[in-house]
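# Fold and geometry: a report
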Amino acid sequence: MSRFGYVFVCLGIILLALAGCSQDENNSPTALKMNFASSLAKAVGPSEIVFCLAVSDTISADELQSMVTSLGACLSNGDLIPQDGNIAVGAVVYGDTTASLFDGLVAVTADNLTNTIIPALEGLTTDRLVTGTAADMAGALNQAAAVLAGTGVND
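On a predicted model such as this, the values are computed, not experimentally measured, just so you know. (Residues numbered from 1 in each chain as written. Predicted model: local features only at pLDDT ≥ 70, side-chain atom pairs only at ≥ 80, totals over all residues. Heavy atoms only, no water.)

### As for the overall build of the protein
As a reminder, the rule being used: Put simply, DSSP marks the helices as runs of H or I at least four residues long and the strands as runs of E at least two long, and each gets a number from the N terminus on. Each residue is placed in one exposure class: buried if its accessible area under a 1.4 Å probe, protein chains only, is under 20% of its type's maximum, exposed if it is over 50%, and partly exposed if it falls in between. The contact rule is simple, with two residues in contact once any of their heavy atoms fall within 4.5 Å.
Scanning the protein from N- to C-terminus turns up five helices and four strands. Sequence-ordered secondary structure for the protein, helices as α and strands as β, is α-α-β-α-β-β-β-α-α. Across the 155 residues in the protein, those meeting the buried criterion constitute 39%. Across the protein, contacts joining residues at least 24 apart in sequence account for 70% of those joining residues at least 6 apart.

Shown next as structure tokens:
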């Protein structure tokens, strides 16, 4: 997948999560229409997002660097992701096997972006964390589901 493909997938997931988390109890069609239109303009969450990142040897070093840079930029953009801790992210990498990039979910805050999230993503460019037998997207999604299962938040 190209760099732009990763960016569009990441942005789509992020925008869908933000749009669906209004926490309003009124489910009338009018309220839903209004909530969707205004959901990006107000505080949202809590929300949890787990990214599944391909890091196999079939992904070139340049493609991986581009994906890491683009994802880091998206997460660091306060207009896309509120950096108030209401959104937590996780990452599962897959290639030869699957591995969790973080220990559980990490709240998106300025401090966590600087000290945890971005450094962990950048670490993928030199150490892809995978060895052993083959893993695929299905295995990564199963591991992502396990991470989300314990959160208790239904987005």
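This is not the end of the story, as more comes after the structure.
### Notes on the confidence of the model for the protein
Note the threshold: The quantity called pLDDT is the predictor's confidence in a given residue, expressed from 0 to 100.
When pLDDT is averaged across the protein, the result is 74; 61% of the residues are at 70 or more. Confidence scores differ between elements of the protein, with helix H2 (residues 29-38) showing the lowest mean pLDDT of 45 and strand S4 (residues 106-109) the highest of 94. A low-confidence stretch, residues 22-39 stays under pLDDT 50, and its non-local contacts, those more than four residues away or across chains, total 14 contacts.

### What to know about helix H3 (residues 61-76)
Heads up, the rule is: Multiplying one less than the number of residues by 1.5 Å gives the expected span of a helix.
For H3, spanning 16 residues, the distance from its first C-alpha to its last is 22 Å, which sits close to the expected 22 Å at 1.5 Å a residue. Along H3, the residues classified as buried are Leu64, Ser66, Met67, Val68, Ser70, Leu71, Gly72, Cys74 and Leu75.

### Re the nonpolar core
Rule in force here: By nonpolar core we mean a set of buried residues, namely Ala, Val, Leu, Ile, Met, Phe, Trp, Tyr and Cys, connected to one another through side-chain atoms within 4.5 Å.
Membership of the largest hydrophobic core comes to 34 residues, with the highest contact counts inside it found for Leu53, Leu75, Val89, Phe102, Ile117, Leu121 and Leu124. Counting residues per element, the ones that place at least two in this core are strand S1 (47-54), H3, strand S2 (84-94), S4, helix H4 (110-123) and helix H5 (137-149). Excluding anything up to four places from it in sequence, Ile117 contacts Leu75, Val89, Phe102, Val106, Ala107, Val108 and Asn112.

### A word on the environment of Ala61
Its place among the elements puts Ala61 in helix H3. Residue classification places Ala61 among the exposed residues on the basis of a relative accessible area of 54%. The spatial distance from the C-alpha of Ala61 to the C-alpha of Leu124 is 9.8 Å, given a sequence separation of 63 residues.

### Some remarks on the pairing of S2
The two faces of the sheet receive side chains in turn, since in a regular strand these alternate between them. Stated formally: The pairing criterion for strands is at least two bridges between them, as found by DSSP. If you view a crossover with the strands going away from you and the path from the first strand over the helix to the second runs clockwise, you call it right-handed.
Among the eleven residues of S2, eight are classified as buried, and the element is accordingly described as predominantly covered. Where S1 meets S2, eight bridges bridge the pair, whose relative direction is parallel. Opposite Cys52, over in S2, you have Val92 as the bridge partner. You can see the chain leave S1, run along H3 and come back into S2, and the turn it takes is right-handed. One ladder, built from three bridges, connects S2 with S4; its direction is antiparallel. Note on S4: the bridge partner recorded for Val89 is Val106. In this structure, the hairpin formed by S2 and strand S3 (residues 98-100) is closed by a connection of three residues.

### What to know about H4
The condition is simple: Here the bend at a residue means the angle between the axes of two seven-residue stretches, the one that ends at it and the one that starts at it.
Over its 14 residues, H4 extends 19 Å from the first C-alpha to the last, a length consistent with the 20 Å expected when each residue adds 1.5 Å. At Ile117, H4 shows its largest kink, close to 30°, and the proline Pro119 lies no more than four residues downstream. Within the span of H4, buried status applies to Leu113, Ile117, Ala120 and Leu121. Packing partners of the buried residues in H4 comprise S1, H3, S2 and S4.

### Some points on the environment of Leu148
Tracing the sequence through the fold places Leu148 in helix H5. Leu148 sits in the partly exposed class, given a relative accessible area of 33%. The spatial distance from the C-alpha of Leu148 to the C-alpha of Val89 is 9.9 Å, given a sequence separation of 59 residues. Residues within four places of Leu148 in sequence aside, it is in contact with Glu48 and Val50.

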